[in-house]
Amino acid sequence: MKALLWRDLALAVRAGGGFGLGLAFFLIVVVLVPFGVGPDRTILSAIAPGILWVAALLAALLSLDRIFALDYEDGALALLATAPVPLEGVALVKALAHWITTGLPLTLVAPLLGFFLNMDPAAYAYMFASLALGTPALSVIGSFGAALTVGLRRGGLLLSLLVLPLYVPTLIFGAEAVRRGVDQTGAAAPLMLVGAISLGCIALLPFAAAAVLRINLR
Amino acid sequence: MTALLSVRDLRCARGGVPVLERVSFDLAVGQALILRGPNGVGKTTLLRTLAGLQPALSGEVICAEGVTAYASHADGIKTALTVAENLSFWAQVHDRTVPDSVYATFDLLALRDRAAGTLSAGQKRRVGLARLAVIGRPVLFLDEPTVSLDAFSVAMFAGWMRDVHLAGGGCAVIATHIDLQIDAPTLDLTPFVAAADADGGSDADFL
Amino acid sequence: MSMWEYANPKKFMDWTAPVLPWAFGIAGLLTGVGLVWGFFFTPEAELFGATVKIIYLHVPAALMAINAWFMMLVASLIWVIRRHHVSALAARAAAPVGMVMTVIALATGALWGIPTWGTYWVWDPRLTSFMILFLFYLGYIALWEAIEDPDTAADLTAILCIVGSVFAILSRYAVRFWNQGLHQGTSVPVVTGGRTVADVYWVPLLMCMIGFGVLFVALVLLRTRTEIRLRRMRALTARTTRAA
């Protein structure tokens with residue numbers, strides 16, 4: 001298991017796409033938004049949490065199809081399925097590797113980018129907390145979607161279509177936590193809910209992902 | 001002598017249609033079985049069914065838990081990692097360490113720290129075969145293991161199979177089109193091809 | 001003889017053939033009478049005016065949009081547990097019907113929004129939930145279409161349906177948490193029994209709701225029969241090519 005995590009991280013780093021690509025995408029989206037909505041600081045300030053959350057979601061989506069597809073193509077997935085490691089564990093470890101290469105850096109960088117969007121100073125801590133609690137759910141849900149579409153030649157677009165609706169509750173609670181944090185209307189409830197979604201996904205979805213992988217390997 | 005692997009009246013399907021039926025054989029310690037038959041006869045389907053990657057329609061595969069390994073031409077070698085890293089990854093997954101002798105056996109000493117992406121097809125294949133020596137599983141299901149190997153490498157692989165794997169208490173089912181020079185019975189799958197109207201398979205409900 | 005025998009494809013074809021015209025007949029009669037009665041022979045509401053009459057399309061469609069997904073969930077569970085092919089094909093057959101019902105509910109809702117709320121669309125929890133439901137239908141159908149092997153497709157879509165149902169319910173509560181909304185409460189609360197629709201509107205509405213339900217059953221039976229025939233053709237072609 002640990003070996004798999006290290007291998008996935010090493011592959012992400014050496015393939016060059018790992019840490020850099022998701023972050024660069026995140027940055028570009030944040031830079032493009034003011035061009036789209038205009039440089040008005042009050043508007044930007046109001047939408048900053050939402051923009052950061054949606055951008056984080058899209059950046060996480062960007063690298064999802066690589067979670068299983070490469071291992072499926074070169075046969076490593078079939079070998080892992082016959083190796084003495086549970087496929088559920090493989091799914092969870094791969095989701096963890098995805099989170100370390102995308103979710104974690106996004107969480108760390110988001111407050112910095114909030115600066116460019118004139119985010120309310122009160123929002124920084126909530127932004128960080130909600131992303132830290134919510135991005136694990138994005139990775140685990142994404143790994144389920146990636147497992148569903150692993151056998152398809154052009155699964156990328158379908159993957160987004162399947163995964164984005166599943167992201168709705170995480171996005172709602174995550175962005176709501178920041179909004180309520182700024183308005184001082186009680187951010188604890190949405191923060192706990194977003195954490196609950198992450199924990200629930202981590203506990204249950206690897207089983208669904210493993211079941212789906214076994215079907216795709218048949 | 002007890003059998004490491006017993007196959008009883010196995011019937012396997014591909015895409016909902018039965019392709020092979022009545023397949024039975026036993027393999028004892030030190031024995032290999034060479035599968036033959038024209039392309040598309042169902043060698044890969046049989047090997048994948050034996051390895052548990054796809055369910056059998058009926059019949060049984062009797063084998064201890066956690067002793068089998070499957071290998072096809074897609075050998076899961078990561079091009080971004082070095083040869084040593086690739087092998088040590090599979091060793092760790094199987095809770096083992098890479099024995100140094102493996103590099104000599106498969107003529108990989110000089111390639112040890114090369115990225116697998118820079119290897120030729122034959123060299124890569126040798127790494128894939130070296131994986132089998134690393135994971136230490138006694139029952140091997142090999143699908144065309146010698147594809148893209150030169151004659152020298154084929155002899156090297158056959159030597160390992162004969163002198164190390166089989167002599168060391170393993171057994172193997174190998175689908176191949178070339179003569180490996182291993183003293184092993186061959187099983188031609190042609191007589192076992194399922195009849196066109198064979199029962200079973202998920203299509204059967206609709207016919 | 002167990003009830004599951006009717007799930008055998010051949011048996012299913014046998015018993016659905018005579019049922020189908022009756023189902024379509026009853027559905028046509030109920031919806032026809034219900035709609036005509038509702039549109040032309042009920043008074044205009046004090047608050048809403050004539051626009052209230054869109055309720056005869058809006059409520060039944062919304063009801064069936066949700067029930068169709070629920071039926072797909074049950075069918076998917078039956079496929080995963082008991083592996084009856086008809087069950088998987090029925091889930092596949094129901095998806096486009098459910099999606100059309102969702103679109104009808106959204107479209108009639110938008111038309112109704114103009115006179116009552118002054119806008120076609122608001123990000124109200126109910127509307128948003130239906131939009132999300134529509135996306136779920138879209139993904140489900142796209143996954144069916146994308147996978148070639150019928151059994152693999154049935155397995156994967158069944159798991160997607162089960163996981164999707166959990167997230168659909170989560171989304172529904174998340175959306176309510178997010179925005180309290182303009183939409184009135186449910187007109188026909190089944191659980192509490194106290195409806196808010198006046199008696200004059202109630203009978204034609206009930207006819208439309210039952211009519212839409214029967215129409216859904218009829219459409220799903222018809223589409224399932226088509227799916228079974230397609231699958232049978234595929235199986236026969238496979239056998240002929242093998243025999244040749």
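The name given to chain B in an unreviewed UniProt entry is Heme exporter protein A, with the source organism recorded as Loktanella fryxellensis.

Under the annotation held in an unreviewed UniProt entry, chain A carries the name Heme exporter protein B and is attributed to Loktanella fryxellensis. According to the UniProt record, the Sequence similarities (unreviewed entry) comment for chain A is "Belongs to the CcmB/CycW/HelB family."

Enquirer: I tried to follow the nonpolar core on my own but got confused; where do I start?
Expert: One recurring pattern in soluble globular proteins: nonpolar side chains tend to sit buried together. Among the nonpolar cores identified, the biggest contains 185 residues, and F144 of chain A, F25 and M161 of chain B together with Y140 of chain C are the most heavily contacted of them. Residue assignment places this core across two domains, with domain 1 (1-67 + 138-207) and domain 2 (77-136) of chain B each supplying three or more. Among residues more than four places away in sequence, those in contact with Y140 of chain C are L162 of chain A together with W69, M72, S76, A91, R92, A95, T157, L160 and C161 of chain C. Among the nonpolar cores identified, the runner-up in size contains 13 residues, and V52, I54, Y56 and V59 of chain C belong to it.

Enquirer: Is there a simple way to think about the UniProt feature "domain: ABC transporter" (unreviewed entry) in chain B in this case?
Expert: UniProt records the feature "domain: ABC transporter" (unreviewed entry) at residues 5-207 of chain B, using the numbering of this structure. Along residues 5-207 of chain B the backbone is 27% helical and 25% strand, and the end-to-end C-alpha distance reaches 35 Å.

Enquirer: So what exactly am I meant to see when it comes to the interface of chain C and chain B here?
Expert: The accessible area lost on association of the parts is a frequent measure of interface size. In this assembly, 15 residues from chain C lie in contact with 13 residues from chain B. Together chain C and chain B conceal approximately 1,400 Å² of surface at their shared face, both sides included; 55% is due to carbon and sulfur atoms. Considering only the side of chain C, the residues that lose the most area to chain B are H85, R239 and R242 of chain C, jointly responsible for 41% of the buried surface there. The interface formed by chain C and chain B contains one salt bridge. In this structure, D203 of chain B and R231 of chain C form a salt bridge, with 2.6 Å as the shortest nitrogen-oxygen distance. Seen at the junction of chain C and chain B, the total is six residue pairs in polar contact (both at pLDDT 80 or more). For the side of chain C that touches chain B, the secondary-structure elements that each account for two or more residues are α1 (9-40), α3 (85-117) and α6 (199-243) of chain C. Here the side of chain C that touches chain B is built from residues that sort into seven nonpolar, one polar and seven charged.

Enquirer: Would you mind showing me how to read the sheet that holds strand β6 (residues 139-143) of chain B here?
Expert: Consider a sheet: its strands pair through backbone hydrogen bonds, and that pairing is either parallel or antiparallel. All names here are of chain B. Spatial ordering of the open sheet is given by β5-β6-β7-β3-β8, a layout of five strands whose pairing is parallel. Looking at which strands have only one partner, the edges of the open sheet turn out to be β5 (68-71) and β8 (186-188). Within the sheet, the average angular offset between the axes of one strand and its neighbour, ignoring direction, is 15°. As defined by bridge partners, strand β3 (residues 32-36) adjoins β8 across three bridges and the pair is classed as parallel. Across the sheet, the residue bridging to R36 is D188, located in β8. Sitting on the sheet, helix α4 (residues 121-135) is in contact with β5 and β6, with an inclination near 175° to β5.

Enquirer: Before we go on, may I ask you to explain helix α2 (residues 83-93) of chain B in this structure?
Expert: Spacing of three or four residues puts side chains on the same side of an α-helix, whose turn is 3.6 residues. Extensive coverage of α2 of chain B is indicated by the burial of eight of its 11 residues. Where α2 of chain B is concerned, the buried positions are V83, A84, N86, L87, F89, W90, A91 and V93 of chain B. Turning to α2 of chain B, the residues buried within the fold contact α1 (2-14) and α5 (76-81) of chain A together with α3 (101-105) and α4 of chain B. Once α2 of chain B ends, the next one or two residues include D95 of chain B, with phi positive near 60°.

Enquirer: Help me understand the interface of chain A and chain C, please; the structure alone is not making it clear to me.
Expert: Contact residues are listed per partner, giving 27 residues for chain A and 25 residues for chain C. Here chain A meets chain C over a buried area of about 2,200 Å², counting both sides, of which 84% is carbon and sulfur. On the chain A side of the contact with chain C, L166, I172 and I215 of chain A bury the most area, a combined 21% of that side's loss. Between the two partners, chain A and chain C, sit one salt bridge. Across the pair D155 of chain C and R218 of chain A runs a salt bridge, and its minimum N-O distance is 2.9 Å. Inspection of the chain A/chain C interface yields two residue pairs in polar contact (both at pLDDT 80 or more).

Enquirer: How should I be thinking about the environment of M71 of chain C in this particular structure?
Expert: Residue and element names in this part refer to chain C. Its location among the elements puts M71 in helix α2 (residues 55-82). Judged by its relative accessible area of 23%, M71 is partly exposed. If we skip the residues at most four places from it in the chain, M71 touches A90, A91, A94, F216 and V220.

Enquirer: What exactly am I supposed to notice about the UniProt feature "transmembrane region" (unreviewed entry) in chain A here?
Expert: Residues and elements named next belong to chain A. UniProt records the feature "transmembrane region" (unreviewed entry) for residues 12-37, 43-64, 96-117, 123-150, 157-175 and 187-213 in the present numbering. Taken as a whole, residues 43-64 contains 91% helix and 0% strand, while its terminal C-alpha atoms sit 32 Å from one another. Across residues 187-213 one finds 96% helix and 0% strand; the C-alpha atoms that close the span lie 37 Å apart.

The rules behind the values
- Think of each chain on its own: its residues are numbered from 1, step by step along the sequence as written.
- Whichever chain is written first becomes A and whichever ligand is written first becomes 1, with later ones labelled in order.
- Local features are withheld for residues below a pLDDT of 70 in this predicted model, meaning they are given only at 70 or higher, and side-chain atom pairs are given and counted only at 80 or more; totals for whole chains, interfaces and linings count all residues.
- Just so you know, side-chain values use all the structure's heavy atoms and leave hydrogens and water out.
- UniProt positions are given in the numbering used here, feature names are shortened, and annotations may be inferred rather than shown by experiment.
- Each nonpolar core is a collection of buried residues, namely Ala, Val, Leu, Ile, Met, Phe, Trp, Tyr and Cys, held together in the definition by side-chain atoms within 4.5 Å.
- Exposure is judged per residue with a 1.4 Å probe applied to protein chains only, and the accessible area is read against the type maximum: over 50% gives exposed, under 20% gives buried, and values in between give partly exposed.
- Residue ranges labeled as domains rest on an automatic or database domain assignment.
- Should any heavy atoms of two residues lie within 4.5 Å, those residues are considered in contact.
- Only DSSP runs of H or I reaching four residues or more are called helices, and only runs of E reaching two or more are called strands; each is numbered from the N terminus.
- When two components associate, each loses some accessible surface as probed by a 1.4 Å sphere; the sum of these losses over both components is called the buried area.
- One side-chain nitrogen of Lys or Arg within 4 Å of one carboxyl oxygen of Asp or Glu is enough to make a salt bridge.
- Counted as a polar contact is a pair of N or O atoms within 3.5 Å, where, for protein atoms, one must be capable of donating a hydrogen and the other of accepting one, and residues adjacent in sequence contribute only when both atoms are in side chains.
- Amino acids are sorted into nonpolar (Ala, Val, Leu, Ile, Met, Phe, Trp, Tyr, Cys and Pro), charged (Asp, Glu, Lys and Arg) and polar (every other residue, Gly among them).
- For two strands to be treated as a pair, DSSP must find no fewer than two bridges joining them.
- Only the stretch in contact is used when fitting a helix axis, every axis being a line fitted to C-alpha atoms; angles between N-to-C directions are given from 0 to 180 degrees.

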